[in-house]
Amino acid sequence: MVTGATCSPRSSRNPCPSLSGDDCGLSLSLPQVAALERQIFDFLGYQWAPILANFLHIMAVILGIFGTVQYRSRYLILYAAWLVLWVGWNAFIICFYLEVGQLSQDRDFIMTFNTSLHRSWWMENGPGCLVTPVLNSRLALEDHHVISVTGCLLDYPYIEALSSALQIFLALFGFVFACYVSKVFLEEEDSFDFIGGFDSYGYQAPQKTSHLQLQPLYTSG
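Quick look at the structure, then. Sequence order as written defines the numbering, with residues in each chain counted from 1. pLDDT decides what is reported in this predicted model: residues at 70 or higher carry local features, side-chain atom pairs at 80 or more are listed and counted, and totals for whole chains, interfaces and linings draw on all residues regardless. To obtain the side-chain values, all non-hydrogen atoms of the structure were included, while hydrogens and water were left out.

Topic: the environment of L186
Helix and strand assignments follow DSSP, with helices taken as H or I runs no shorter than four residues and strands as E runs no shorter than two, numbered in order from the N terminus. Tracing the backbone shows L186 in helix α6 (residues 156-191). For the exposure calls, accessible area comes from a 1.4 Å probe over protein chains only, and a residue counts as buried if that area is under 20% of its type's maximum, exposed if over 50%, partly exposed in between. Note on L186: relative accessible area 37%, which makes it partly exposed. In sequence terms L186 and Y71 are 115 residues apart; their C-alpha atoms lie 9.4 Å from each other.

Thoughts on the pattern of salt bridges
By convention in these notes, a salt bridge is any Lys or Arg side-chain nitrogen within 4 Å of a carboxyl oxygen on Asp or Glu. Applying the stated criterion to the full structure yields one salt bridge. Taking the shortest distance from any N to any O, the salt bridge between E187 and K183 comes out at 2.6 Å. Of the two residues, E187 and K183 are both situated in helix α6; the distance of four residues between them amounts to about one turn of the helix. Overall, the relative accessible area of 30% leaves E187 in the partly exposed class. Using a relative accessible area of 48% as the deciding quantity, one classes K183 as partly exposed.

Regarding the state of the cysteines
Linking two cysteines covalently via their sulfur atoms produces the bond known as a disulfide. Defined by distance alone, a disulfide is two cysteine sulfur atoms within 2.5 Å. Tallied over the entire structure, the rule returns one disulfide. Disulfide pairing places C129 opposite C152 at an S-S distance of 1.9 Å. Because the sign of the S-S torsion sets the handedness, a value of about 125° for the bond joining C129 and C152 places this disulfide among the right-handed ones. With C129 in the loop between α5 (122-125) and β1 (130-134) and C152 in the loop between β2 (146-150) and α6, the pair connects residues that are 23 residues apart, well separated along the chain. Residue classification places C152 among the partly exposed residues on the basis of a relative accessible area of 22%.

Set out below in structure tokens:
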């Protein structure tokens, strides 16, 4: 006989009422797609610092999806903590490309770890951009060439800034989502704690009961 325990699923309160557990985890797929898209363009532009940051972000999003599907609140808390760093990194990128304060693209090559003079892929491949090589330029360094980019509908610093702003928006959504879902899971763990098995609820082994009715025995003497 089991006393003081009520059997219930691990998470009876679905954090996404209209979705299943797997579909709820897929709600983080949009940040994943956005991170993969950004990773591709950073690879094309040889932006090593953003490539490293994007890789860590992709791993964190996978961790958040796994935590949502498997009802692991600790993974979601780690994901939310990473998003705070991710917002700070993207804010720095916006300031860098818009040259806020003392930041300068012509002097600082932070995005390539000062290993090359490569700029954003959007510098030469932005919408409407026309690239013209400048021949016999005295500004050309060894193994480099000088180009002239004209006619861009939107300059590459603004494209990079808009991309980072989108990442910040998705990160804020993911942070709220992770905090809410982890809160739901923690409440469920407090309500239905099965870590110690049924022992924590005072499990008692079933006892056999006899259906024989005892009758008094009278002897004549």
